[in-house]
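Listed below, chain by chain, are the residues.
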Amino acid sequence: MEGSATARLLYRGALSLPDSYLLLDGLTFSANLIANKDLLHNPLALALESMRGRPSLRLKGTEQLKNIWIDASDDVCMDIHPTATLSRVYFENILCLSCLSPDGRTEIGVRVALGDTDGPATTEILIFGESFPSPIASTSTSSSGHTPTLAIRVARITPAARAPRPDDPTPRKPPLHLITRKQSIGDLAANTRIRPKGNAKEESEVVRRAREVMLHLPSSKARGRGKEKEKDKDKEKGAAVFKVPALPARKGDHAADIDVFGPVGDAKGKARAVNIEAVDEGIGDVEQENKSIIKKFTVRHLDAVGVSKPHPEFKELFGFVYRGTAFALRATIKKSPVSARALEALVEAHIKLYVTSPT
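Notes on the structure follow. What you see is a predicted model; the values in this text were computed from it and never measured. The numbers attached to residues start from 1 for each chain and follow its sequence in the written order. Only residues with pLDDT of at least 70 are given local features in this predicted model, and only at 80 or more are side-chain atom pairs given and counted; all residues enter the totals for whole chains, interfaces and linings. Computation of side-chain values: all heavy atoms of the structure, hydrogens and water removed.

### Thoughts on the nonpolar core
This is how the line gets drawn: Nonpolar cores are built from buried Ala, Val, Leu, Ile, Met, Phe, Trp, Tyr and Cys residues. Side-chain atoms within 4.5 Å join them into one set. The classification of residues rests on relative accessible area computed with a 1.4 Å probe and restricted to protein chains. Under 20% of the type maximum is buried, over 50% is exposed, and intermediate values are partly exposed. Contacts are assigned to residue pairs with any non-hydrogen atoms lying within 4.5 Å of each other.
Core analysis: the biggest nonpolar cluster contains 30 residues, and Leu15, Phe29, Leu48, Met78, Phe91 and Ile127 have the highest contact counts within it. Among residues more than four places away in sequence, those in contact with Met78 are Leu27, Thr28, Phe29, Phe91, Ile127, Ile152 and Val154. Among the nonpolar cores identified, the runner-up in size contains 18 residues, and Val307, Leu317, Val338 and Leu343 belong to it.

### Observations concerning the side chain of Ser87
Cut-off, in case you're wondering: Secondary structure counts use DSSP, requiring at least four H or I residues in a row for a helix and at least two E residues in a row for a strand, with both numbered from the N terminus.
Summarising the element assignment, Ser87 is placed in helix H2 (residues 85-96). Ser87 sits in the buried class, given a relative accessible area of 0%. When near neighbours in sequence (up to four residues on either side) are disregarded, Ser87 contacts Leu24, Asp25, Leu27 and Ile80.

### A word on the packing of helix H8 (residues 314-328) against helix H9 (residues 340-354)
What counts here: Axes here mean lines fitted to C-alpha atoms, for a helix over just the part in contact, with angles spanning 0 to 180 degrees between N-to-C directions. For classification, angles of less than 35 degrees are called roughly parallel, those exceeding 145 degrees roughly antiparallel, those between 65 and 115 degrees roughly perpendicular, and all remaining angles oblique. Left-handed describes a crossing in which the near helix is turned anticlockwise from the far one by less than a right angle; the clockwise case is right-handed. Note on residue categories: nonpolar means Ala, Val, Leu, Ile, Met, Phe, Trp, Tyr, Cys or Pro, charged means Asp, Glu, Lys or Arg, and polar means any other residue, Gly included.
The contact between H8 and H9 brings their axes to 9 Å, and the two run at 135 degrees. As the angle between them shows, H8 and H9 are arranged oblique. Crossing handedness for the pair H8 and H9: right-handed. Contacts between H8 and H9 involve Leu317, Phe320, Val321, Gly324, Thr325 and Ala328 from the first element and Leu343, Leu346, Val347, His350, Ile351 and Tyr354 from the second. In terms of residue class, the contact of H8 with H9 is built from nine nonpolar, three polar and no charged.

### Considerations on the sheet that holds strand S7 (residues 149-158)
Within a sheet, each strand pairs with its neighbour through backbone hydrogen bonds, oriented either parallel or antiparallel. As a reminder, the rule being used: For two strands to be treated as a pair, DSSP must find at least two bridges joining them.
If you walk around this closed barrel you meet the seven strands as S1-S2-S4-S7-S6-S5-S3, and the pairing is mixed. Taken over all neighbouring pairs, the strand axes of this sheet differ in orientation by 45 degrees on average, direction set aside. Here H2 sits on the sheet in contact with strand S1 (7-16), strand S2 (23-32), strand S3 (56-64), strand S4 (69-80), strand S5 (108-114), strand S6 (123-132) and S7, set at roughly 70 degrees to S2.

### A few points about the environment of Gly53
Within the element layout of this structure, Gly53 appears in the loop between helix H1 (43-49) and S3. Here Gly53 falls in the exposed class, since its relative accessible area comes to 79%. Between the C-alpha atoms of Gly53 and Arg12, which are 41 residues apart in sequence, the distance is 8.9 Å.

### A short note on the packing of aromatic side chains
Remark: the centre distance and the inter-plane angle together describe each pair of aromatic rings, the angle taken between the planes. Formally: Centres within 6.5 Å are what make two rings of Phe, Tyr or Trp a pair, Trp counting through its six-membered ring; a difference in plane orientation under 30 degrees is then read as stacked, over 60 as edge-to-face, and the rest as tilted. Here, over-ring charges are defined by two tests on the NZ atom of lysine or the CZ atom of arginine: distance to the ring centre within 6 Å, and angle to the ring normal within 35 degrees.
One pass over the full model with this rule turns up five aromatic pairs. Ring geometry for Phe320 and Tyr354: centres 5.6 Å apart, planes at 40 degrees, overall tilted. Taken as a pair, Phe320 in helix H8 and Tyr354 in helix H9 lie far apart in primary sequence, 34 residues in all. We note Arg300 situated over the ring of Phe297; from NZ or CZ to the ring centre the distance is 4.9 Å. Here the guanidinium or amino end of Arg330 rests over the ring plane of Phe327, the centre of that ring lying 4.1 Å away.

### A look at H2
As a reminder of what qualifies: What a helix is expected to span follows from its residue count: subtract one and scale by 1.5 Å. Here the arc refers to the set of directions running from the helix axis out to each C-beta atom.
A rise of 1.5 Å per residue sets the reference length of H2, with its twelve residues, at 16 Å; its end C-alpha atoms lie 15 Å apart and thus fit the reference within 8%. Listed in full, the buried residues belonging to H2 are Ser87, Phe91, Ile94 and Leu95. The buried residues of H2 occupy an angular sector of 85 degrees when projected down its axis, which confines them to one face. The outward face of H2, more than 90 degrees from its buried face, is lined by the exposed residues Thr85 and Cys96.

### Digging into unusual backbone geometry
Leaving glycine out, the prevailing phi sign among residues is negative, and the prevailing peptide bond configuration is trans. Phi at Asp19 takes a positive value of approximately 55 degrees, unusual for a residue other than glycine. Mapped onto the elements, Asp19 comes out in the loop between S1 and S2. The class for Asp19 is exposed, based on a relative accessible area of 85%. The phi dihedral of Asp75 is positive, around 55 degrees, even though this residue is not glycine. Here Asp75 shows up in strand S4. Overall, Asp75 belongs to the buried group, its relative accessible area being 18%.

Here it is, written out as structure tokens:
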């Protein structure tokens, strides 16, 4: 390896040929320390150093340099060991038989992948030859003096620059009617406040009218009709008084037990219990009797499985069982009395859905 004192070893190993068990061994990749003052900003050097410990890299085949984009600014070279005969013969046949482009590079290179997969995250490199002046060639015979000396260079393959397409946005100049003598393009920027034309008096008048409109917006209160409007006016004139209307008295209820926040409970916790004896309004006598029986059966069977009235889930379970049983009997509940055997079967079936075991 020439100039080993000014080179950093990046990777030493072999190339594995596709569909073959042969290895092109004896390869050494190094970076020029003089050209690369900071190797941390050299992506190709870092990629090759990350391959240390791998016995070989994947060789993908040959590639025309004119068909791809490469970044040769990292100044990475490759050397072949003198005893690696197979590697020397391979690269001599690929690079030495290739024509040179005007920039002194071979037209054909060897493509290598740094990884096991072929994806956008996999770094791919290109090994190609580049001619450079050699002192040995200048002192040799005339026949060999015209043969250029090739150095094996390594470059990173980069994505090709995409050509512009018809659907790409095109930067456009602002319309001429937006630019006046006193306004420039900078005045029309998005973060610049454009004031309306006119003097300060007219502008203040517009601002005043807008303020009045905003301060006198119509209220969102529901509009009443007839006497309700008069009552609202009387309330606005007088002192605001919050009154809770008394609930209509029903059978079995007492006005003293009603409060603003619901039924008043005693020390035993009767407020949480469900008033299961409440009479539904607007239904027939047969339907009312059937629903009363459903309520009694529901309470009895819930108590049998351990869910009594003081239970925290009694109210919710009672509602589910009662509504489900009444819905199942909706075809006959209004016409004739329900059968006690059928009612027990329905209530037990609903309780088994919600209560798995006695609690």
